[in-house]
Amino acid sequence: MFARINSLGVYALNGFSVSVEADISGGLPQFTIVGLPDSAVREATDRVRSALKNLSFVWPVSRITVNLAPGDIRKTGPVYDLPVLLAILAASGQLPVPGPEDAFIGELSLDGGVRSVTGVLPMALAAVQQGVRHLFVPAENAAEAAAAGALCVYPVHTALDAVRHPDTRRALQALQDQNLPALGGLLENVLEHGIEADDQVRVKLSFHWEGSYLRIWVEDSGSALADQTISRLNAQC
């Protein structure tokens, strides 16, 4: 059985779409993740297995292969835990496959809780470009994702929130796509100040609502490189 879930990744300051594919077949029980995963991604095997069992789902006693496509870009961090769990549930018939306009990111705790991840804003901007309409993110990252605009962002506290999303959708107020040029310029400003786009860059994005405005600034080594204020607009979700 096969299932595909939409997710996202980030390389330096650039987000990109990731297709999380799960295949469950006969043979000796085994769980393999392919698609240039780093060590944190490979460790998802233990987090996903424990979370799935602690949420009272059935772990398939089969050969499980998860592919993170495209296979020529390195996947880093625990951001794929949630979509991997959903892909396994869908491939084993325990969950309907989410729609093509849905995407999921988030790290799992062993009890099925969803922890925050880094790089959410570039991933959310990439989601907009790829035609994603519904983005499910850790609750702590929801305001950051909503800043991308043109998305319905759903804060996820546990994996069950994502599993039950057709019945429990409660979207944050999102920003319209008119704000995309401003955010794109913000990231370009970071590059203009001397930060090169490689996987060693560590940039801190900070967000704070000030009344009806979202203030965003970028810091590297304690120095503010860009400061952007964007009006909050209504989106139809």
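Note that the structure is predicted; figures quoted are calculated from it, not measured.

A word on unusual backbone geometry
Item 1. With an omega of 10°, the peptide bond between A69 and P70 qualifies as cis.
Item 2. Tracing the backbone shows P70 in the loop between β4 (63–69) and α3 (81–91).
Item 3. Phi angles above zero are rare outside glycine, and S56 is one such case at about 70°.
Item 4. Among the secondary structure elements, S56 is positioned in the loop between α2 (44–54) and β4.
Item 5. On the accessibility criterion, S56 (66% relative accessible area) is exposed.

Section: the confidence of the model for the protein
Item 1. For the protein, the mean per-residue pLDDT works out to 79, and 69% of the residues sit at or above 70.
Item 2. Every residue in residues 171–182 is under pLDDT 50, and counting partners more than four places away or in other chains gives 43 contacts.
Item 3. Within the model, pLDDT remains below 50 along residues 220–235, and this stretch shows 56 contacts once partners closer than five positions in the same chain are excluded.

Topic: helix α4 (residues 120–129)
Item 1. Along α4, nine of the 10 residues are buried, which leaves the element largely enclosed by surrounding structure.
Item 2. Regarding α4, the residues found buried are V120, L121, P122, M123, A124, L125, A126, A127 and V128.
Item 3. Of the residues trailing α4, G131 is marked for its positive phi of about 85°.

Focus on the sheet that holds strand β8 (residues 134–138)
Item 1. Reading across from one edge, β5-β8-β9 is the order of the three strands in this open sheet, with parallel pairing throughout. The sheet terminates laterally at β5 (102–104) and β9 (152–156), the two strands that pair on one side only. Ignoring which end each strand starts from, the neighbouring axes of this sheet average 25° apart.
Item 2. Judged from the three bridges that link them, β5 and β8 form a sheet pairing that is parallel. Of the residues in β8, the one forming a bridge with A103 is L135.

Here we look at the side chain of H134
Item 1. Following the sequence through the fold, H134 ends up in strand β8.
Item 2. Within the structure, H134 has its side chain in polar contact with the side chain of D102 (distance 2.9 Å).

Some thoughts on the sheet that holds β4
The strands that make up a sheet are held in pairs by hydrogen bonds between backbone atoms, and each pair lies either parallel or antiparallel.
Item 1. Ordered by their spatial adjacency, four strands build an open sheet running β1-β2-β4-β3, and the pairing between neighbours is mixed. The sheet is open, and its two borders are formed by β1 (2–11) and β3 (30–34), each paired with just one other strand. For this sheet, the mean inter-axis angle between neighbouring strands, taken without regard to orientation, is 20°.
Item 2. Alignment of β3 against β4, held across five bridges, turns out to be parallel.

As for the packing of aromatic side chains
Item 1. Scanning the entire structure with this criterion turns up three aromatic pairs.
Item 2. For the ring pair F31 and W59, a centre distance of 5.4 Å and an interplane angle of 55° mean the geometry is tilted. Linking F31 in strand β3 with W59 in the loop between α2 and β4, this pair joins segments that are 28 residues apart in sequence. For the pair formed by F31 and W59, the shared burial category is buried.
Item 3. Judged by centre distance (4.7 Å) and plane angle (15°), the ring pair of F104 and F136 falls under stacked. One end of the pair, F104, is in strand β5; the other, F136, is in strand β8, with 32 residues separating them in the sequence.

So, the pairing of β8
Item 1. With respect to burial, β8 is a largely interior element, five of its five residues being buried.
Item 2. With five bridges joining them, β8 and β9 adopt parallel strand pairing. Bridge pairing in β9 links L135 to V153.

Reading guide: rules and limits
- Residues numbered from 1 in each chain as written.
- Predicted model: local features only at pLDDT ≥ 70, side-chain atom pairs only at ≥ 80, totals over all residues.
- Heavy atoms only, no water.
- Helix = DSSP H or I, 4+ residues; strand = E, 2+ residues; numbered from the N terminus.
- Buried < 20%, exposed > 50% of the residue type's maximum accessible area, 1.4 Å probe, protein only.
- pLDDT = per-residue confidence, 0-100.
- Contact = heavy atoms within 4.5 Å.
- Pairing = 2+ DSSP bridges.
- Axes fitted to C-alpha atoms, helices over the stretch in contact; angles between N-to-C directions.
- Polar contact = N/O pair within 3.5 Å; in protein donor to acceptor, adjacent residues only side chain to side chain.
- Phe/Tyr/Trp six-rings, centres within 6.5 Å; stacked < 30°, edge-to-face > 60°.

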